[in-house]
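# Structural characterization, general
Each chain, letter by letter, is given below.
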Amino acid sequence: MSNHFIPYGRQLIENDDIEAVVDALSSDFLTQGPRIAEFEDMLASYVGAKYSVAVNSATSALHIACLALGLGDGDYLWTSPNTFVASANVGRLCGANVDFVDIDSKTYNMCPEKLELKLIKAKEIGKLPKIVIPVHFAGQSCDMEQIYSLSKIYDFKIIEDASHAVGATYKDSNVGSCRFSDITVFSFHPVKIITTAEGGVATTNSEEVFDRMSLFRSHGVTREEKFLEENHGPWYYQQIDLGLNYRMTDLQAALGISQMRKLDSLVLKRKELASKYNDLLKDLPVILPFQEEFSKSSLHLYPIKVKANKRKEVFEYLRSKNIGVNVHYIPVHTQPYYRKLGFEEGMFPESESYYAGAISLPLHPQLTDEEMNFVVQCLKESLR
Ligand SMILES: *Cc1c(COP(=O)(O)O)cnc(C)c1O
C-alpha cells in the first residue's frame, strides 16, 4: 500500500475546534480575554489542582516555574537526560547549574534509586539541587511518591515535566494534581496529546507559586491588590519583578477548551492503538514499552528498542517507506552545548543505551489499521 507519509504524531482538529477558534477570532478579545481563564479552570479542575497558568509553550511554563521557585545563579537543577532539551535549558536560562539523573532501564524514566545515590553524594559536597524535574516519558508518570519522599529529606522542589502526560494517572490521582510536586507542566504542541498549536500550562496548589508564575508570565507587572507602592490612579500598573511576555492568546485557549473536551477519548484511542501494537509486535526481537502497574500512561509515544547495531538500518528502512519514525531522545548531556559545560558520553549509561536502540513508531488518534499494519510489516522486513 500507501506511499503517503505517516507521521509519528499528529493533531486531531475537527469542525468544533475550528468553530471555537473562529468564534474567538470574531470576539472582542484575541488575547488576555475570558477564554484564558476558562481554559485554565477547565484544565485545573480536570487534573485536580487548585491553580493553573496558561502560557505560550511548555518551555515557557518550565521557565516561569523555575523562576517562581526562586532558581538562580549558583543553584542546581537536576533532570533526566532522556528528555527534550527544554527540561534542562530552563535551568541554564535562570543562571543555574544543570545536572542529570540517569533513567530506569525498563520505564526510561528518572530512576529514584539513582536519584537517592546522587543526593547522598551531593549532600557530602554541599551541592544539593534546588529543583528536580522528573519527566514523564512517553506519557507514563515517574514514581512520584518516591521522588517526593526524597524531596522531604534533601529539601528540593519538584517540577513535573508532564509535557507527554496530560490525561495520565499516577496511583489514585491525575498527573497535574501536584500531589507529589510543587508544579506540573504540560505541553500543547501539535504532536502532544491535545494541542493549542503552541502552548503550555503550569499547575500548582500553592497560591504563592501561582501568583509568582502569573507575574513572570506577564512582565512582572501586577494588579492593584498586589501593588508594593502607592497607586497613582486608575491608569496605573506596577512592575514589581522582572518578567516576560509568555502569554497564551485567546485563539489558542479557544482551541484548548475544545480539545480538553476530547482529552479522555483521545487518550483512550491511543491506548487502543498501543495495545494493538503490543499484540502485533510481541514476537519480534524488539523491546516494547513497559507499563507500570501504579500508573496509566497517556501514550504520547510508542517507543521500541531494537538492537543498537540495527537501529540506523531499521530507522532508514522505515523512513524510506515514508513512515515518520523518530527518536526520543538524544541524551541531553551529549549535546554539544552540554558537552561544552563538561558533560561526556558515558556519564549516564542507561539513557545512552536506550538511545542507541530507540525508535518511536507512529502513534496518533488518526492512525488507521491499514497504516499500522503497514508499519508493522515494514518493521518486520527491516529486522530480517
Ligand atoms: C515538547 C516537550 C517540551 C517543550 O514543549 P513546548 O510546548 O514545545 O515548549 C518540554 N519537555 C518535553 C519532555 C517535551 O516533550
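For the structure, see preceding data.
So, here is what we can say about the structure in this document.

The rules behind each value
Residues numbered from 1 in each chain as written. Predicted model: local features only at pLDDT ≥ 70, side-chain atom pairs only at ≥ 80, totals over all residues. Heavy atoms only, no water. Pairing = 2+ DSSP bridges. Helix = DSSP H or I, 4+ residues; strand = E, 2+ residues; numbered from the N terminus. Axes fitted to C-alpha atoms, helices over the stretch in contact; angles between N-to-C directions. Contact = heavy atoms within 4.5 Å. 1 Å grid on protein atoms, 1.4 Å probe; cavity = no way out; pocket = protein on both sides within 12 Å on 5 of 7 lines; lining within 4 Å. Points joined across faces, edges and corners; volume = space filled by probe spheres on them. Nonpolar A, V, L, I, M, F, W, Y, C, P; charged D, E, K, R; others polar. Patch = residues over 30% accessible without salt bridge, like charges linked within 9 Å, V, L, I, M, F, W, Y side chains within 5 Å. Areas by Shrake-Rupley, 256 points an atom, 1.4 Å probe, with all protein chains shown as cover. Salt bridge = Lys/Arg side-chain N within 4 Å of Asp/Glu carboxyl O. Buried < 20%, exposed > 50% of the residue type's maximum accessible area, 1.4 Å probe, protein only.

Attention now goes to the sheet that holds strand 4 (residues 97-100). Sheets are built from strands that pair by backbone hydrogen bonding, the pairs being arranged parallel or antiparallel. The seven strands lie next to each other as 2-10-9-6-5-3-4, forming an open sheet whose pairing is mixed. Unpaired on one side and paired on the other, strand 2 (51-55) and strand 4 mark the two borders of the sheet. Each neighbouring strand pair of the sheet contributes to a mean axis angle of 20°, computed without reference to strand direction. Bridge count for strand 5 (residues 131-133) against strand 6 (residues 157-161) is two bridges, and the pairing is parallel. In the strand pairing of strand 6, valine 132 is matched with isoleucine 158. Across the face of the sheet, helix 7 (residues 207-217) comes into contact with strand 2, strand 9 (183-187) and strand 10 (200-204) while running at roughly 15° to strand 2.

Using the criterion set out here, one finds two cavities of 30 Å³ or more in the structure. If you add up the space inside the largest cavity, you get close to 80 Å³. Around the largest cavity, the lining residues are Ser141, Met144, Glu160, Tyr170, Ser173, Asn174, Val175, Gly176, Ser177, Cys178, Arg179 and Phe180. In the lining of the largest cavity, the residues fall into five nonpolar, five polar and two charged. The space that makes up the second largest cavity amounts to roughly 40 Å³. In this structure, the second largest cavity is lined by Arg10, Gln11, Leu12, Pro190, Lys192, Ile193, Ile194, Thr195, Gln259, Leu266, Arg270 and Pro365. Among the residues making up the lining of the second largest cavity, the classes are represented as six nonpolar, three polar and three charged.

The next point concerns a nonpolar patch on the surface. Judged by side-chain polarity, Ile13, Ile18 and Val22 come together as a nonpolar surface patch covering roughly 240 Å² of accessible area. Following the sequence through the fold, isoleucine 18 ends up in helix 1 (residues 15-25). Accessibility expressed as a relative area gives 45% for isoleucine 18, which makes it partly exposed.

Looking at helix 7, one finds that the buried residues are Val209, Met213, Ser214, Leu215, Phe216 and Arg217. Of the surrounding secondary structure, the elements contacted by the buried residues of helix 7 are helix 2 (34-47), strand 2, helix 3 (58-68), strand 9, strand 10 and strand 11 (221-222). Downstream of helix 7 by one or two residues, histidine 219 has phi in the positive range, about 65°.

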